[in-house]
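Coordinates in review
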Amino acid sequence: MTVQTERPPSGPADVRKADDGGAGRPKPTAASRAGAFAPYLLLLPACAATVLLLGWPLLKDLLLSFQNLNMAQLIQHVTEWNGIENYEETLTSEQFWRVTLRSILFTAANVVLIMIGGTLIGLLLARLGRRMRFTLLIGLVLAWAMPVVAATTVYQWLFAQRFGVVNWVLDKLGWHSMADYSWTSSQMSTFFVVTVLIVWMSIPFVAINLYAATTTIPNELYEAASLDGAGVWRSFTTVTMPFLRPFLYATTFLEIIWVFKAFVQVYTFNEGGPDRLTEILPVYAYVEGVGNQHYGMGAAIAVLTILILLGLTSYYLRIVLKQEEDEL
Amino acid sequence: MKRSLFGRVWPNATAVVLFIGLVFPVYWMFSTSLKPRGDILAENPVWFPTDITFEHFRTATGADHFWTYVTNSLTVTVLAVVFSLIIALAGSFALARMRFKGRRGFIIGFMLAQMAPWEVMVIAMYMIVRDASMLNSLVPLTLFYMMMILPFTILTLRGFVAAVPKELEESAMVDGCTRVQAFRRVILPLLAPGLMSTSLFGFITAWNEFALVLVLNKDAEAKTLPLWLSSFQTQFGDDWGATMAASSLFAIPILILFVFLQRKAVSGLTAGAVKG
């Protein structure tokens, strides 16, 4: 009897609990199975899109880089595998290494200018009075917001050979040989304009971020530092810098990524010219691949470019991943 | 703290110089677009336009296919933003509110996806689209733009969803809402500002995209505004007035959005890009 009366209630009781478990009770069996799938179901569209629209092009690029794919093969729709020939040819060509070195130097110069300029402006923002700060912020936001292609056309006009305002100013300042100077005529002058353009566009991000970071430094720390007899410089190095270091790391690496693949500015300003002397890696991959219709070669250059980019930013990725690990 | 006269003057003086340097290109774009031709092609630059003309804007908007490009750009951009918002909303809810195996892996995956070097991958994308016979169509462009902004959208929205107090959702569920209802009635309205700013950044990215459309859409009918703008100057010779008018038309929507978004720009970008 006791056994009989005990058994039936225990069964249905469990079932009932599981039934209303969906309303928020801590996960009994039936509902928890549905609940366990829910996050994956919610993430499914995003993952599918990523695999299809990002993973597939990446894989395709890798596959193409092992193919002999030029105009003829493209028209006839034939796939000719040629092993590592594209890589061999690229890695042994002097041109590739010259472009790589140029890309790295170009990126380094730009990032150094952006970071120094951005940091100084960020610190300046923290020092300004309210009205002046607001004015400077407006200027920064305007420069930041200019769409890349529009900005490039504007710079073409500013640096135009005839009637360009920069040449006029240089002429008036006494540098008369610049009166009709063509900025697109040489490698260095083209890089100069592109660098000015990129630095102008990128400084606002660094400056505004850095300023935002300085506002998070508690004032007590400065007071404590000055009580301890620290001067301006000392409180800068012992209070400000340690606070800003993570921001500086992060923005430096973001800028490296952005400048390294600055295809639009370089390409639209002078199409990598004159004589292909201002091609950086992404432009080189495009001109070789799409322009000269050596698609396989272009794909190989693209793969190598991605590897170089990964190498340049791996340290940052490690930091971010570690940070994320600590947070979750 | 007392500062000397010099100490008070130099930051302001520097700020003024910087302001002029930062704003001048933007100012020059607008002022050139409003100047009569004679003032543009002048031996000495006319710094402040006195005669204002809209002739250059007429030239730019009257150019072949101009309105087609506007429609193309708007279609592609708006659809890409809407699709990515819908997909990201679901994903970010899971990432912000649910505990499950592999959650960290998903987040890291999207962070890596955010850094995808799209400019370098155009050859592969060209081949894929060509094999599908979809060159000169807006469909692949929309899909790829959606993907370009998707990781940023997910990661940023994750922050916004996480910021909505869990208790609100729970109390809604105690009051008899299902989880879906609680999401729709409680979280979604609170997310509106986050959705706004996230989508506007997506809008800016897609509106500006150049490398992919350069490779995929060569037909005059299928181009978007950035592509048109980049070839404008070559097509129109050295008509700088019209070129600057075209640039202004392209930049104005973005400038307006951005100035409004300035504050959110900082927190959004740092939350999304720097910290994931």
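Residues numbered from 1 in each chain as written. Chains lettered and ligands numbered in written order. Predicted model: local features only at pLDDT ≥ 70, side-chain atom pairs only at ≥ 80, totals over all residues.

**Observations regarding the overall build of chain A**
Broken down by element type, chain A carries 14 helices and zero strands. Helices (α) and strands (β) of chain A occur, in sequence order from the N terminus, as α-α-α-α-α-α-α-α-α-α-α-α-α-α. Of all 328 residues assigned to chain A, the portion counted as buried reaches 37%. Considering only contacts within chain A whose residues lie at least 6 apart along the sequence, 63% involve residues at least 24 apart. (Helix = DSSP H or I, 4+ residues; strand = E, 2+ residues; numbered from the N terminus. Buried ≥ 20, exposed ≤ 12 C-beta atoms within 10 Å, placed from the backbone. Contact = placed C-beta atoms within 7 Å.)

**Regarding the UniProt feature "domain: ABC transmembrane type-1" (unreviewed entry) in chain A**
Here the UniProt feature "domain: ABC transmembrane type-1" (unreviewed entry) sits at residues 100-316 of chain A. With 78% helix and 0% strand, the stretch residues 100-316 of chain A has end C-alpha atoms that lie 21 Å from each other. (UniProt positions renumbered as here; feature names shortened; annotations may be inferred.)

**Some details on the interface of chain A and chain B**
Contact with chain A, which involves 74 residues of that partner, is made by 75 residues of chain B. A breakdown of the residues in the side of chain A that touches chain B according to their chemical character gives 58 nonpolar, 11 polar and five charged. (Nonpolar A, V, L, I, M, F, W, Y, C, P; charged D, E, K, R; others polar.)

**Side note on the packing of helix α6 (residues 130-145) of chain A against helix α9 (residues 187-214) of chain A**
All names here are of chain A. Where α6 contacts α9, the axes come no closer than 8 Å and their chain directions differ by 130°. The pairing of α6 with α9 is recorded here as oblique in orientation. Where α6 crosses over α9, the handedness of that crossing is left-handed. Residue-level inspection shows L140, V141, A143 and W144 of α6 in contact with α9, the latter providing W200, M201, P204, F205, A207 and I208. A per-class count over the contact of α6 with α9 returns 10 nonpolar, no polar and no charged. (Axes fitted to C-alpha atoms, helices over the stretch in contact; angles between N-to-C directions. Parallel < 35°, antiparallel > 145°, perpendicular 65-115°, else oblique. Left-handed = near helix turned anticlockwise from the far one by under 90°.)

**Thoughts on the UniProt feature "transmembrane region" (unreviewed entry) in chain A**
Residues and elements named next belong to chain A. UniProt annotation of "transmembrane region" (unreviewed entry) refers to residues 37-59, 104-125, 137-158, 191-212, 247-267 and 295-317 when read in the numbering used here. Between the C-alpha atoms that bound residues 37-59 the distance is 29 Å, and the span itself is 100% helix and 0% strand. Between the end C-alpha atoms of residues 191-212 there is a gap of 31 Å, over a span that is 100% helix and 0% strand.

**What to know about the domain arrangement of chain B**
Residues and elements named next belong to chain B. Annotation of chain B at the domain level lists domain 1 (5-53) and domain 2 (58-274). Averaged C-alpha coordinates put domain 1 and domain 2 at centres separated by 32 Å. Contacts between the two partners involve seven residues from domain 1 and, on the opposite side, six residues from domain 2. Within the residue set of the side of domain 1 that touches domain 2, elements represented by two or more residues are α1 (5-34) and α2 (37-40). (Domains from an automatic or database assignment.)

**What to know about the nonpolar core**
Within the largest apolar cluster, 157 residues are counted, with the highest numbers of intra-cluster contacts made by I123 and L212 of chain B. Not counting residues up to four positions away in its chain, the partners in contact with I123 of chain B are D61, L64, A285, G289, V290, Y295, G298, A299 and A302 of chain A. (Core = buried A, V, L, I, M, F, W, Y, C linked by C-beta atoms within 7 Å.)

**Notes on the packing of helix α5 (residues 103-114) of chain B against helix α7 (residues 138-163) of chain B**
Residue and element names in this part refer to chain B. Where α5 meets α7, the axes come as close as 8 Å, and the angle between the chain directions of the two elements is 135°. Classed by the angle they form, the pair α5 and α7 counts as oblique. In this structure, the crossing between α5 and α7 has a hand that is left-handed. Where α5 approaches α7, its residues F110, M111, A113 and Q114 are matched on the opposing element by P151, F152, I154 and L155. Of the residues that constitute the contact of α5 with α7, the class distribution is seven nonpolar, one polar and no charged.

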